[in-house]
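# Breakdown of the fold
Residues per chain, in single letters:
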Amino acid sequence: MGGRSGLDRFLLSGGSGVRVPLGVPYDGLVSRPGCVPSPASLMPLFREICAEDDVDLQPTEIESLCMNCYKNGSTRLLLTKIPFFKEIIISSFTCPHCNWSNTEVQSAGRIQEQGVTYTLKVRSKQDLNREVVKADCATTTIPELDFEIPAYTQKGSLSTVEGLIDRAVAGLEQDQPVRQVGTALAAKIDEFMQKLKKLKDVENEFTLVINDPSGNSFVENPFAPQKDEVLTVTQYKRTAEQDAQLGLKENETKEEEEETPGNDIETLRNEVLVFNTNCPECNAPASTNMKLVQIPHFKEVIIMATNCDNCGHRTNEVKSGGATEELGTRITLRVTDPSDMSRDLLKSETCSVLIPELEFELGMAALGGKFTTLEGLLKDIKELIVSKNPFTCGDSSTPERAEKLEIFGKKIDKIIAGEMEAHIILNDPAGNSYLQNVYAPDPDPEMKIEKYKRTFEQNDDLGLNDMKIEGYREDISDS
């Protein structure tokens, strides 16, 4: 795409926390008349997208080389924040000489801790209108046609399912005039393109799979906050090869860092460990506190909290201090009184949350690990579904969807206020989640704790099927 060198320089100018003021030329940056430099220089580089016409949200133009006619065109850049996707860069190149154009979406945020796979069963034409954010490192496949778009063969895009199909057809059509010379390859490709185009009629169900090791792709759930029956989201741990493709380096001293000076467990319980890190929002230097905590009538957990003095961002995360339990745990609480909101709650990263009265299910990795109260969990769910949902604002919003989410938020408020009875179900296959029993050590009449044997799929999600726990000492001695 034209203007890549100018784009890189533009990002480098902002990556250190310095915004190049509008009106000041910088290696091809085109100033816009009428813009005042000083206030713009104080604005954050990435701002949340909104419907209001704000001059600070207008795209920035960069003069750049057209790769079609090799004359100068212009690249328009919009740096913005979208919830769930962190920062993104929307760029559009146009050439006034040959009318060639190109659009691209790039992720400017950090790579997520886990990769993600979206599996969508397309059953109707409405499914073709689902919005899709596809990163350039994502692989797109349609198993029914044995069709695959490998990673890094297309630029990142913000489109729909139908748009992905049209883009694939356009890519195959691009070199067809050259293929027409002689061989039967062109006829086979023409036949395959007709199969791709026929998918848009949805005469038969087909599957769209997007596998993104960076975790920055997304497929819309139009039924949010309810569970989508045709969309499956799976998060997974990247392989060493995928880390290498993303430019991530393995920490060679990981084993050394895991060895804490002094093995006295009592010392760890009474000490708060502090280590330097970077803020996940502004990337400024910050500090992370870590402490080993014993939860009464449960087990030990590790609480990690990061505070950023630069932007004020705060995060907290909970890791289980013990091993995966032999049995999974399902905790069901019947909320009957506002005092239930003060119950302490530990939700591990493998725990899913269900509220049957709202037909709501939260996946195991959606909010990560948390040590909070029941009220805090419900507020986090409301914020995630209602406030931070990217499809409730701008062009993606519809009155029906906004009304549905508003009703959902009001029901959450009623549960918190004790005006609506509901059941909160914590389902943790790893058995590392906890909900306070206020009647301890006596049984809680409103809470039910069930232990169950994990399925093969749950063991596979936890990585237990690949673990060898028998006979490994003999293997070591033989080697």
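Under an unreviewed UniProt entry, the chain has the name Zinc finger protein ZPR1 and belongs to Scleropages formosus. UniProt, in the comment section headed Sequence similarities (unreviewed entry), describes the chain in these words: "Belongs to the ZPR1 family."

In space, the three strands of this open sheet follow the order β23-β20-β25, with antiparallel pairing throughout. Two strands lie at the open edges of the sheet, namely β23 (370–373) and β25 (434–435), each paired on one side alone. By the bridge criterion, two bridges tie strand β20 (residues 344–347) to β25 in an arrangement that is antiparallel. From the neighbouring strand, Leu-346 faces β25, where its bridge partner is Tyr-434. Here helix α9 (residues 374–387) sits on the sheet in contact with β20 and β23, set at roughly 110° to β23.

A sheet is described by the order of its strands in space; here three strands give the open sequence β11-β8-β13, paired in antiparallel fashion. One side of each edge strand has no neighbouring strand; the edge strands of this open sheet are β11 (157–160) and β13 (218–219). Relative to β13, strand β8 (residues 131–134) runs antiparallel, the two sharing two bridges. The residue of β13 that forms the bridge with Val-132 is Val-219.

So, about the packing of aromatic side chains. Applying the stated rule across the entire model yields four aromatic pairs. Centroid distance Tyr-118 to Phe-218: 6.1 Å. Interplanar angle 65°. Geometry classified as edge-to-face. One end of the pair, Tyr-118, is in strand β7 (residues 115–122); the other, Phe-218, is in strand β13, and 100 residues separate them in sequence. The two residues Tyr-118 and Phe-218 agree in class, both being buried. Ring geometry for Phe-147 against Phe-192: centres 5.4 Å apart, planes inclined by 40°, an arrangement best described as tilted. With a gap of 45 residues between them, Phe-147 in strand β10 (residues 147–149) and Phe-192 in helix α5 (residues 185–198) connect regions that are remote in the sequence. When the ring centre of Tyr-452 is taken as origin, the NZ or CZ atom of Arg-330, which lies over that ring, is 4.6 Å away.

On to a negative patch on the surface, then. Where like charges cluster on the molecular surface, the negative patch consists of Glu-457, Asp-460, Asp-461 and Asp-466. Along the polypeptide, Glu-457 turns up in helix α11 (residues 456–461). Residue class for Glu-457 comes out exposed when judged on its relative accessible area of 53%.

Overall, the coordinates contain 19 salt bridges when judged by the stated rule. One salt bridge connects Arg-238 with Asp-243, and the closest N-O pair in it is separated by 2.9 Å. The pair formed by Arg-238 and Asp-243 is uniform in burial state, with each residue classed as buried.

Burial along strand β9 (residues 139–142) is two-sided: Thr-139 and Thr-141 and Thr-140 and Ile-142, pointing in opposite directions, are all buried. Examined bridge by bridge, β9 and strand β12 (residues 206–212) share three bridges and lie antiparallel to one another. Considered in β12, the bridge of Thr-140 is made with Ile-210. Across three bridges, the pairing between β9 and β10 is antiparallel. In the strand pairing of β10, Thr-140 is matched with Ile-149. Taken together, β9 and the strand that follows it, β10, pair antiparallel across an intervening segment of four residues, in which Asp-146 is found at a positive phi of about 55°.

About the thresholds
- The residue numbers shown here count from 1 along each chain, following its written sequence.
- A pLDDT threshold of at least 70 governs which residues receive local features in this predicted model, and a stricter bar of 80 or more applies before side-chain atom pairs are shown or counted, although totals over entire chains, interfaces and linings include all residues.
- In computing side-chain properties, one takes all heavy atoms of the structure into account and sets aside hydrogens as well as water.
- UniProt positions are given in the numbering used here, feature names are shortened, and annotations may be inferred rather than shown by experiment.
- Paired strands are those between which DSSP finds at least two bridges.
- Runs of H or I in DSSP of at least four residues are treated as helices and runs of E of at least two as strands, each being numbered from the N terminus.
- Any pair of residues with heavy atoms lying within 4.5 Å of one another is described as a contacting pair.
- Axis lines are fitted through C-alpha atoms, for helices just across the contact stretch, and the angle between N-to-C directions can take any value from 0 to 180 degrees.
- Note on ring pairs: Phe, Tyr and Trp rings are taken, using the six-membered ring of Trp, and paired if centres are within 6.5 Å. Classes follow the plane angle, with under 30 degrees stacked, over 60 edge-to-face and the rest tilted.
- Think of it in three bands: residues with accessible area under 20% of the maximum for their type are buried, residues over 50% are exposed, and the middle band is partly exposed, with areas taken using a 1.4 Å probe on protein chains only.
- The rule for a charge over a ring is simple: NZ of Lys or CZ of Arg within 6 Å of the ring centre, and within 35 degrees of the ring normal.
- Patch membership requires over 30% relative accessible area and the absence of a salt bridge. Like charges are linked within 9 Å, and nonpolar side chains (Val, Leu, Ile, Met, Phe, Trp, Tyr) within 5 Å.
- All accessible-area figures derive from a Shrake-Rupley calculation using a 1.4 Å probe, and residue coverage is judged against the displayed protein chains alone.
- For this document, the term salt bridge refers to a Lys or Arg side-chain nitrogen within 4 Å of an Asp or Glu carboxyl oxygen.
- Only four residue types enter the charge count, namely Lys and Arg as positive and Asp and Glu as negative; His and the chain termini do not.
- Charged groups are reduced to one reference atom each: NZ for lysine, CZ for arginine, CG for aspartic acid, CD for glutamic acid.

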